[in-house]
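Tertiary structure, described
So the chains spell out like this:
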Amino acid sequence: MAVSTRRLQKELTEIKTNGTPVGIKLLQADNFESWFLSIEVLGDTLYQGEVFALKFRFDSQYPISAPAVQFVVDDYYKAPVHPHVYSNGHICASILGSEGWSPVLSVISVCITLQSMLAFAKERKRPPDNDGYVIRARAPENPKKTRFVYHDDEV
Amino acid sequence: MSNFLDEDVPSPEDFPPPSNAPGLRELDEALRCNICKELYSAPVTIPCGHCFCSLELPRLAKQECPVCRAPANESQIRKNAKLEDAVRAWNLARPLVLNLVKEEERRRKRKEARQSTPPPVDGYRNRVGQASPKKRKLSPQTDGEESDVVEVTASQLAKSNLAGFGIIEDKGKRRTRSEGRSSSPPPRPSSSKSPQEATCPSCGKMVPFSTINDHLDSGCKLYLKSDAKQKQKQKDGWGNIFGNPETGSSKAKGKGRSREDLPIEDTAEPLPKVSYGTLKPKRLKEMLQELDLPSTGERDVLQARHQRWIIIFNANLDASERKSTNQLKQDLAAWEKAKQSKKPTVDEKKYERENHQVYADLIARAKASAPPKAQPRSSPNEGPLSSPISVDGDSSSDTATLDEKPGMEVDP
């Protein structure tokens, strides 16, 4: 069994045994290529009452290489309106890039990071270059193929 | 959901939560590598004090600790012999401890069942937490206790996950006293399986009955039913990939079999890293031949093989119980096989030709709309929080080129 599979299986066992943190739910994990989780931010925040879905995609190099993580955008789920989240669901967060990712991170720890990213948002706004990225530049289907530049150290 | 979890992967959650078995999960967790989450194999330490499997660490291109991000470089990696000792002991003790703990849990449940209404029987792992943390002593049981034991638990256990551990007994069968008392009862074969095999109480796999104790002592590694078969398969695969092994490695044979099969000796030096950029394919082939490794394949295959060999070989030196050269070669072959099966097949040249027009358009538009120079911003905080820049020159599928300007500002 590949290392990535064994590692994901252990993460799944942990989730099923210990449960997920508050506001995070496992929606679907029936293979070792892609998982879906939902996150919501509880308490008094800009996204109160909204539930978002995250799609994780893993390659055979996981956890050495980062998973491809994006918000699900479909008829039911929308990407949160946030300065680091593009309308196609792509997320600009350093821990998801090759520089910021560390193999000790896990699916749940990524969810927690994104949850806190939403929790500390100060305004509901798309990234300033949203149209440029999503429409004009024909953003790649996989966010890992985009090289993001991280400006903001606050969240 | 359950079918893809068929293979049992040991994890700290095999143990009951801290309320029932304080420290056991933590102990199991502490002896696992943070990267692969397996019990450490050949653990190494870096200056910040964090430990990883030797095989995992060289793959980290970044010069920092994966856990705390403290700077660390390869020359600072040291093997951690004491941790390895601890892991080896835990590997041996784990099946036994697991067994004892489960026995304890079962007794607790039985007692509760007798004292009050039967406890809810959702999954074993989830449920154990709500039981009282009071510990029971492991004392010999009375006959009376023993006899009602099976009747109470058989139905409950059938619903719980314990079924997988081979503890469920067939109806009408009854635990004999001697087996019930022993601390790690050898699970008997159930009627549906052949009498020569038994389910391991720890790993849940089928093991020849006569070897079950040795299997447990080995940390569930030895005497697996399919063990021998798998090894043979790997060997075949090695031959399939690289042609006939008999002719391919004639040099290896000449050197004498016995040495190749012996663990690598203490005096062996780690292999130096190689800068492949300057090497000609021919030289690379020679280097592989010097190592008695297959020298067939494209340049990048040769390089990957050589790189991986250095990692495997050097990681093996960090282990106190070393593998033999032949074992390492098998590991390398297995790795290469796994890698090949996942290789994507994208014809880059073809893609480039097909999308030539799109690229040309984008370049033309970029040239037309490009401002003379990026505006320096007054304050870094006011600018765009994030901006994507596409990967240039990457012609693999669905890569976008972002030529429009909004996201291209550069920090002053």
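- Chain B is annotated in an unreviewed UniProt entry as Postreplication repair E3 ubiquitin-protein ligase RAD18 of Steccherinum ochraceum.
- Turning to chain B, the UniProt record has this under Sequence similarities (unreviewed entry): "Belongs to the RAD18 family."
- For the record of chain B, the UniProt heading Subcellular location (unreviewed entry) holds the text "Nucleus".

- The name that an unreviewed UniProt entry assigns to chain A is UBC core domain-containing protein, with the source organism given as Steccherinum ochraceum.

1. A few points about the sheet that holds strand β2 (residues 34-40) of chain A
Residue and element names in this part refer to chain A.
- Taken in spatial order, the four strands of this open sheet run β1-β2-β3-β4, and their pairing is antiparallel. Strand pairing shows two members of the sheet lacking a second neighbour, β1 (24-28) and β4 (68-71), which therefore form its edges. Here the strands of the sheet are splayed against their neighbours by 25° on average, with no regard to which way each runs.
- As paired strands, strand β3 (residues 51-57) and β4 are joined by four bridges and run antiparallel to one another. Opposite L54, over in β4, you have F71 as the bridge partner.
- Helix α1 (residues 3-18) rests against β1 and β2 of the sheet, and its axis sits at about 35° to β2.
- Those strands touched by helix α2 (residues 107-119) are β1, β2, β3 and β4, and its axis lies near 35° from that of β2.

2. Thoughts on the sheet that holds strand β3 (residues 78-79) of chain B
Residues and elements named next belong to chain B.
- Strands sit in the order β2-β1-β3 across an open sheet of three strands; the sheet is antiparallel. Bordering the open sheet on either side are β2 (51-53) and β3, each of which pairs with just one other strand.
- Sheet analysis places strand β1 (residues 43-45) next to β3, joined by two bridges and oriented antiparallel. Within β3, the residue paired with V44 across the bridge is K79.

3. Quick look at the environment of P16 of chain B
Residues and elements named next belong to chain B.
- Inspection of the secondary structure puts P16 in the segment before α1 (24-30).
- A relative accessible area of 2% places P16 in the buried class.
- Measuring from C-alpha to C-alpha, the distance between P16 and E105 comes to 8.5 Å, with 89 residues separating the pair along the chain.

4. Quick word on the confidence of the model for chain A
- Chain-level pLDDT for chain A is 89 on average; 96% of the residues reach the 70-or-more range.
- Looking over chain A, one finds the lowest element-wise mean pLDDT in strand β5 (residues 146-150) of chain A, namely 79, and the highest in β3 of chain A, namely 96.

5. What about the packing of aromatic side chains?
All names here are of chain B.
- Going through the model one piece at a time under the given rule, you end up with twelve aromatic pairs over all chains.
- When the centroid spacing of 6.1 Å and the interplanar angle of 40° are considered together, the rings of W309 and F313 count as tilted. Of this pair, W309 and F313 both sit in helix α12 (residues 299-317), four residues apart, which is roughly one turn of that helix. Both residues of the pair, W309 and F313, belong to the buried class.

6. Things to note about unusual backbone geometry
- The omega torsion across Y62 of chain A and P63 of chain A is 5°, close enough to zero to call that bond cis.
- With respect to the helices and strands, the residue P63 of chain A is situated in the loop between β3 and β4.
- Although it is not a glycine, K37 of chain B sits at a positive phi angle of roughly 60°.
- By the secondary structure assignment, K37 of chain B is in the loop between α1 and β1.
- Phi is positive for R69 of chain B, close to 60°, though the residue is something other than glycine.
- Mapped onto the fold, R69 of chain B is located in the loop between β2 and β3.
- Taking the relative accessible area as the measure of exposure, R69 of chain B reaches 33% and is therefore partly exposed.

Criteria and thresholds
- Residues numbered from 1 in each chain as written.
- Chains lettered and ligands numbered in written order.
- Predicted model: local features only at pLDDT ≥ 70, side-chain atom pairs only at ≥ 80, totals over all residues.
- Heavy atoms only, no water.
- UniProt positions renumbered as here; feature names shortened; annotations may be inferred.
- Pairing = 2+ DSSP bridges.
- Helix = DSSP H or I, 4+ residues; strand = E, 2+ residues; numbered from the N terminus.
- Axes fitted to C-alpha atoms, helices over the stretch in contact; angles between N-to-C directions.
- Contact = heavy atoms within 4.5 Å.
- Buried < 20%, exposed > 50% of the residue type's maximum accessible area, 1.4 Å probe, protein only.
- pLDDT = per-residue confidence, 0-100.
- Phe/Tyr/Trp six-rings, centres within 6.5 Å; stacked < 30°, edge-to-face > 60°.

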